[in-house]
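Understanding the architecture of this molecule
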Amino acid sequence: MPAVAGSHYLYCKKTTYPNMSNPIRKFLNEDQDPAAIEKIVGKLGSLLMSGEIIEYIAVQRKPAVNLSPDAIALTTKRIIFCRFKNLGFSMELEDYVWKDVYDCHMKETILGAEFSVKTVGGQISKIDYLPKAQARRLYTVAQEQEAKQREFRRQQDLEDKRATAGNVNVTT
């Protein structure tokens, strides 16, 4: 993560985190782990497409020891599942552009919540043990993007129908 000019401090759970950059602060509203968020933003920062902005990040919190929790990031262009492997030394990314997302679903359980994504091709990906507050916010942001994409697909369908209806063949 690049150094931040000036003295920036983040107060979360009565703990001071020096050198925490302002862009990361917006992801710490629902009790996310600051170290995990900083690591994820650092990894995803170089993978974002031009004009793509991270809107929300939820971090898994398993009931047992969880050295490298999985996370899910919602951006303006896609959903990115971040799955850490080998004690956090490697990472597997699974992403879906919003136009390919058919449905997002959230299920609350006793130990947290599960967030799943179903694509238009029928593929399902999920992440479990999300804190409920993070899962609710994740679901809200995802529903907003889903609504935008439904409207986009509806407009595309109308344009396709208009183009098809305009094809008139005249044979002489």
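Below, the structure is looked at part by part. (Residues numbered from 1 in each chain as written. Predicted model: local features only at pLDDT ≥ 70, side-chain atom pairs only at ≥ 80, totals over all residues. Heavy atoms only, no water.)

1. Things to note about helix H2 (residues 34-45)
- With 12 residues, H2 ought to run about 16 Å at 1.5 Å a step, and its terminal C-alpha atoms sit 16 Å apart, in line with that.
- The set of residues buried in H2 consists of Pro 34, Ala 36, Ile 37, Ile 40, Val 41 and Leu 44. All buried residues of H2 fall inside an arc of 155° around its axis, so they share one side. (Helix = DSSP H or I, 4+ residues; strand = E, 2+ residues; numbered from the N terminus. Expected span 1.5 Å × (residues − 1). Buried < 20%, exposed > 50% of the residue type's maximum accessible area, 1.4 Å probe, protein only. Arc of directions from axis to C-beta.)

2. Considerations on the nonpolar core
- Counting 19 residues, the largest nonpolar core has Ile 72, Ile 79, Cys 104, Phe 115 and Leu 138 as the members making the most contacts within it.
- Those elements that provide at least two residues to this core are strand S3 (54-59), strand S4 (71-75), strand S5 (78-85), strand S7 (101-109), strand S8 (112-119), strand S9 (124-130) and helix H3 (132-165).
- With four residues, H3 is the single largest residue contributor to this core.
- Setting aside residues up to four positions removed in sequence, Cys 104 forms contacts with Ile 79, Trp 98, Phe 115, Ser 116, Val 117, Tyr 139, Ala 142, Gln 143 and Glu 146.
- Counting 14 residues, the second-largest nonpolar core is a separate cluster that includes Leu 28, Ile 57, Ala 73 and Phe 84. (Core = buried A, V, L, I, M, F, W, Y, C linked by side-chain atoms within 4.5 Å. Contact = heavy atoms within 4.5 Å.)

3. Comments concerning the sheet that holds S8
- Judged by pairing direction, the sheet is antiparallel, and its three strands sit side by side in the order S7-S8-S9 without closing on themselves. With partners counted over all chains shown, the strands left at the sheet margins are S7 and S9, one partner each. Across the sheet, the mean angle separating the axes of adjacent strands is 15° when strand polarity is ignored.
- For S7 and S8, the ladder comprises eight bridges, and the chain directions are antiparallel. Residue pairing in the sheet places Thr 109 in a bridge with Gly 112 of S8.
- Strand contacts of H3: S7, S8 and S9, with the helix running at about 160° to S7, the strand carrying the most contacts. (Pairing = 2+ DSSP bridges. Axes fitted to C-alpha atoms, helices over the stretch in contact; angles between N-to-C directions.)

4. A few points about the sheet that holds strand S6 (residues 90-97)
- Here four strands make up an open sheet; going across it, the order is S3-S4-S5-S6 and the pairing antiparallel. Because the sheet does not close on itself, it has two edges, and the strands there are S3 and S6. Strand-to-strand, the axes of this sheet are offset by a mean angle of 15°, without reference to chain direction.
- Sitting on the sheet, H3 touches S3 and S4, and the angle it makes with S3 is about 145°.

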